[in-house]
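# Overview (structure and organization)
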Amino acid sequence: MKVHGVFEGGGVRGVALAGAAAAALDASYEFDRVVGTSAGALVASLLAADYTADEIAGSVCETSWPELLKPVFGSRIPGIGRHLALLSRKGLYDSQKLEDVWGELLARHGVATFGDLPPNRLGVVATDLTHFQGVLLPDALPECGYEIDRFPVARALRMSAAVPFMFTPIPLINRRTGDHMLMADGAMAANFPVGVVPRDRPVLGFRLAPDGDAHENDHLRVGGPFTLARSVVVAGIRARYALPRPAEVGVTILQVPVKEDLDFTMTGTEARHVFDRARREVASQLSVSTLPIAESPVCEPLKSTA
């Protein structure tokens, strides 16, 4: 059955989303349009490039996640390094390595730019910090003077995954106006971007379901720019799980299990465990789910950047 897919953001927890995507492929679902935010966009891009379930497993579980964190210059100076990094570079880590790694994965299937994909195959949500709005890539690129067919997919993914304060924001010059824009994590605009997916096919929505709350008694004393940045990032990841999450009409929501305390120190063995667990449990959900009948092909696109 052909479906559209929506993948929630969630940092390194995207390994679990990859396992869930593999489960859908195992169950013979074919993805037409896929949309994602942050880590969800990374997984969606592999589906857009026609990765098989086992190819996704190999690529995601063999990635050295700790190596994706490249500290910016000076950030390791004892005492003041992290504060200086936030003030001078607006982030603690450079995400160029992430772009390089994902660019290599996509290149294995002949994908470098959006022109290498069928039209409307992949949607990537990012946030334009300079215009205070969400951006759907590649749709918004022509308004900035860029040709969709020539824009690197991995660069768009890097923009979507640039968590504020953790990663430096990604610059993008509007070639029509000359504006210098800063692009960052799409989770600020739409962490679960179901609104930009047409309803002309059944929609599978992949949402993370962390195990309980291992940090319910955590208390972080905010005493400076670094601890403030840390609290913003952590709250942005965890806070949404403390409230009830609304159902989405016409969307089959798949709950993707994942460890609450998963982070970039994850080893290959741990990644495989996270991937396999999500693959098994989502396969179980798919075996009993009934997909809703497709509606009219209407969606609510994010506003394009100016």
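Anyway, here's the lowdown on the structure attached to this text. (Residues numbered from 1 in each chain as written. Predicted model: local features only at pLDDT ≥ 70, side-chain atom pairs only at ≥ 80, totals over all residues. Heavy atoms only, no water.)

All right, on to the pairing of strand S6 (residues 133-137) then. For S6, the tally of buried residues reaches 5 of 5 residues, placing the bulk of the element in the interior. Looking at chain direction, strand S5 (residues 122-128) and S6 are connected through 5 bridges and run antiparallel. Each residue of the ladder has a partner; that of Thr-127, found in S6, is Gly-134. (Buried < 20%, exposed > 50% of the residue type's maximum accessible area, 1.4 Å probe, protein only. Helix = DSSP H or I, 4+ residues; strand = E, 2+ residues; numbered from the N terminus. Pairing = 2+ DSSP bridges.)

Attention now goes to the packing of helix H1 (residues 14-26) against helix H2 (residues 39-48). One way to put it is that H1 packs onto H2 with a least axis distance of 9 Å and a crossing angle of 30°. Crossing handedness for the pair H1 and H2: right-handed. Facing H1, whose interface residues are Gly-14, Leu-17, Ala-18, Ala-21 and Leu-25, H2 presents Ala-39, Gly-40, Val-43 and Leu-47. When the residues that make up the contact of H1 with H2 are grouped by side-chain class, the tally is 7 nonpolar, 2 polar and no charged. (Axes fitted to C-alpha atoms, helices over the stretch in contact; angles between N-to-C directions. Left-handed = near helix turned anticlockwise from the far one by under 90°. Contact = heavy atoms within 4.5 Å. Nonpolar A, V, L, I, M, F, W, Y, C, P; charged D, E, K, R; others polar.)

Here strand S3 (residues 70-71) runs beside strand S4 (residues 91-94); their pairing, made up of 2 bridges, is antiparallel. Paired with Pro-71 across the strands is Tyr-93, a residue of S4. By the bridge criterion, 2 bridges tie S4 to strand S7 (residues 165-167) in an arrangement that is parallel. Bridged to Gly-91 within S7 is Phe-165.

So, on to the pattern of salt bridges. For the coordinates displayed, the defined rule picks out 10 salt bridges. Of the charged contacts in the structure, one is a salt bridge between Asp-26 and Arg-279, with a shortest N-O distance of 2.8 Å. Residue Asp-26 is found in helix H1, and its partner Arg-279 is found in helix H9 (residues 268-288); the two are separated by 253 residues along the sequence. Linking Arg-272 and Asp-276 is a salt bridge whose minimum nitrogen-to-oxygen distance equals 3.6 Å. Of the two residues, Arg-272 and Asp-276 are both situated in helix H9; the distance of 4 residues between them amounts to about one turn of the helix. Bridged by salt links that share partners, the residues Asp-94, Glu-99, Arg-155 and Arg-158 form one connected network. (Salt bridge = Lys/Arg side-chain N within 4 Å of Asp/Glu carboxyl O.)

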